[in-house]
Amino acid sequence: MSDTNSAESAARPMGERIAARLRLGERLLLVTHDRPDGDALGSMLALARAARAQGKTARMVCREVPRAYRFLAGGEAFVHPDDLRAAAGDADRVVILDTCSLAQLTEVRDTIISYWPDLLVIDHHQTGHDIAPLRWRDPTAAATGVMVAELLDLLGWPLDRAVAEPLMAAVCTDTGWLRFSSTDARALGVVGRCIGAGVSPDALYRALYENDRPERLALLGRMLANLRYHDGGRVAMMTLSVADFAQTGATADETENLLSEALRVGAVQVAALLVEQEGRIRGSLRSKPASDVDVAAVARRLGGGGHARAAGFRLDGPLADATARTLEALGVR
């Protein structure tokens, strides 16, 4: 048995325990990390809709759905983080999806932790904390969406189109539309099932990646103008300041996937993007599969975490100091 299969098999019993707890729950509250991405939102939407189809109540917590994913949410109503305590008090199961890191739960952390006995985690990241009594963590899964699909199988809940569309978005966005090295037979199997349930791959792609505002393209131009190469072209460092957002009219959620543009350059092995927001710096790191840099390890040195090929962190400003610290953590002299 391969190491990957061994890890997947070891994680499976925890998935069965999570399924048993959800089967007995009637009022679910689903939570994910700050600034949710496609995997986070898609996983929440898929699990919520599948649970409702079984006659359960399922509510989701999100301050604001990023523009790129609003079509997935449709007319869904979300619990604002400020109203979380009342919503959590009414739930008999609280599920955290796509993170196990307290640093990514700043808006909900204190309230959620107080519901420890009813707390469940479903996450595919390498790094995290012991934030719940039942934690299903499987770093071999290409996306949390893959784990949700497997959870639905364990529960015996059907995969209809309303569930399949956000689930396919979860898997496809977290694998770079199935381009990343994390893409495997499990991920492809989930995508195949979603297509079988009626999801159109071309329509979903257009909705996700061909629906940008002009402001986002202007922000991309600013990011590329700020790009600097280091370590003989091996490291690409990019920054976006508060002024860049003000002058382009772009919003913070429109930075998603911009970082990957630098990886188009053949010599670049690692790309970093630092985004300034109200005195804090949000950092993102990506590396190519052939690179020997584990960006999750780099992010941990900066107080963050993630995957070996994709990770993030937060630093105090100013932007110039955060840039210097990031380059130092990457071993750039």
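Remember, predicted model here, so these are calculated numbers, not experimental data. (Residues numbered from 1 in each chain as written. Predicted model: local features only at pLDDT ≥ 70, side-chain atom pairs only at ≥ 80, totals over all residues. Heavy atoms only, no water.)

A. Just the nonpolar core, in detail. Formed by 52 residues in total, the largest nonpolar core has its most connected members in L30, L47 and L151. It is helix 2 (residues 38-53) that provides the largest number of residues to this core, a total of 8 residues. Setting aside residues no more than four positions away along its own chain, L47 makes contact with L30, V95, L97, V148, L151, L152 and W157. One finds V270, V293, A299 and L330 within the second-largest nonpolar core, a separate group that totals 21 residues. (Core = buried A, V, L, I, M, F, W, Y, C linked by side-chain atoms within 4.5 Å. Buried < 20%, exposed > 50% of the residue type's maximum accessible area, 1.4 Å probe, protein only. Helix = DSSP H or I, 4+ residues; strand = E, 2+ residues; numbered from the N terminus. Contact = heavy atoms within 4.5 Å.)

B. Broad picture of the sheet that holds strand 9 (residues 280-287). Sheet architecture is open: 6 strands sit in the order 6-7-8-9-11-10, paired in mixed fashion. If you trace the sheet from one side to the other, it starts and ends with strand 6 (228-230) and strand 10 (305-306), each paired once. In terms of strand pairing, strand 8 (residues 270-277) meets strand 9 through 8 bridges, oriented antiparallel. From the neighbouring strand, E276 faces strand 9, where its bridge partner is I281. Together, strand 6, strand 7 (235-240), strand 8, strand 9 and strand 11 (310-316) form the strand contacts of helix 13 (residues 319-329), whose direction differs from that of strand 7 by roughly 160°. (Pairing = 2+ DSSP bridges. Axes fitted to C-alpha atoms, helices over the stretch in contact; angles between N-to-C directions.)

C. Molecular detail of the side chain of H124. Here H124 is to be found in the loop between strand 4 (119-123) and strand 5 (134-137). Here the side chain of H124 touches D39 through a polar contact of 3.4 Å, side chain to side chain. A polar atom in the side chain of H124 sits 3.5 Å from the side chain of H307. With residues up to four places along the chain from it excluded, the contact list for H124 reads D39, D98, D138, P139, A141, A142, A143, T144, M147, D174 and H307. (Polar contact = N/O pair within 3.5 Å; in protein donor to acceptor, adjacent residues only side chain to side chain.)

D. View of the pattern of salt bridges. Counted by the stated rule, this structure contains 19 salt bridges. Here the residues in one salt-bridge network are R67, R213, E215 and E254, joined through shared partners. (Salt bridge = Lys/Arg side-chain N within 4 Å of Asp/Glu carboxyl O.)

E. Broad picture of the environment of A20. Tracing the backbone shows A20 in helix 1 (residues 3-24). Taking the C-alpha atoms as reference, A20 lies 19 Å from G145; in sequence the two are 125 residues apart.

F. The arrangement of the side chain of D98 in detail. Inspection of the secondary structure puts D98 in the loop between strand 3 (93-97) and helix 5 (109-113). This buried residue, D98, is left without a salt bridge; R286 holds the nearest opposite charge, at 10 Å. Of the polar contacts made by the side chain of D98, one reaches the side chain of H33; its length is 2.9 Å. At 2.8 Å, the side chain of D98 and the side chain of T144 are in polar contact. (Lys, Arg positive; Asp, Glu negative; His and termini not counted.)

G. The packing of aromatic side chains, seen in detail. Under the definition given, this model contains 3 aromatic pairs. For the pair W177 and Y205, a centre-to-centre distance of 5.1 Å together with 80° between the ring planes defines the contact as edge-to-face. Note that W177 is positioned in the loop between helix 7 (161-174) and helix 8 (185-196) and Y205 in helix 9 (residues 201-209), a separation of 28 residues in sequence. Relative accessible area serves as the criterion here: at 23%, W177 is assigned to the partly exposed category. We classify Y205 as partly exposed; its relative accessible area is 33%. Measuring from ring centre to ring centre gives 6.0 Å for W177 and Y209, while their planes differ by 90°; the resulting arrangement is edge-to-face. You can see W177 sitting in the loop between helix 7 and helix 8 and its partner Y209 sitting in helix 9, a full 32 residues away along the chain. Through a chain of ring-to-ring contacts, three or more aromatic side chains come together here, namely W177, Y205 and Y209. (Phe/Tyr/Trp six-rings, centres within 6.5 Å; stacked < 30°, edge-to-face > 60°.)

H. Region of the structure containing the state of the cysteines. This model, assessed by the stated rule, comprises 0 disulfides. No disulfide involves C62; its nearest neighbouring cysteine sulfur is the one of C100, lying 20 Å away. Overall, the relative accessible area of 7% leaves C62 in the buried class. The closest cysteine sulfur to the non-disulfide-bonded C172 is located on C194, 8.0 Å from its own sulfur. Given a relative accessible area of 1%, C172 falls into the buried group. (Disulfide = S-S within 2.5 Å.)

I. A look at helix 13. All of the buried residues in helix 13 are L319, A322, T323, T326, L327 and A329. In a view along the axis of helix 13, the buried residues occupy a sector of 160°, so they form one face of it. Residues of helix 13 that are exposed and angled more than 90 degrees away from the buried face: A320 and E328. Where the residues of helix 13 are buried, they touch strand 6, strand 7, strand 8, strand 9, helix 12 (295-301) and strand 11. Within two residues after helix 13, G331 carries a phi angle of roughly 80°, on the positive side. (Arc of directions from axis to C-beta.)

J. Expanded view of helix 2. Along its 16 residues, helix 2 runs 22 Å from first to last C-alpha, staying within 8% of the 22 Å computed at 1.5 Å per residue. Of all the 16 residues making up helix 2, 14 are buried; the element is thus mostly covered by neighbouring parts of the structure. Among the residues trailing helix 2, G55 stands out with phi positive, at a value near 85°. (Expected span 1.5 Å × (residues − 1).)

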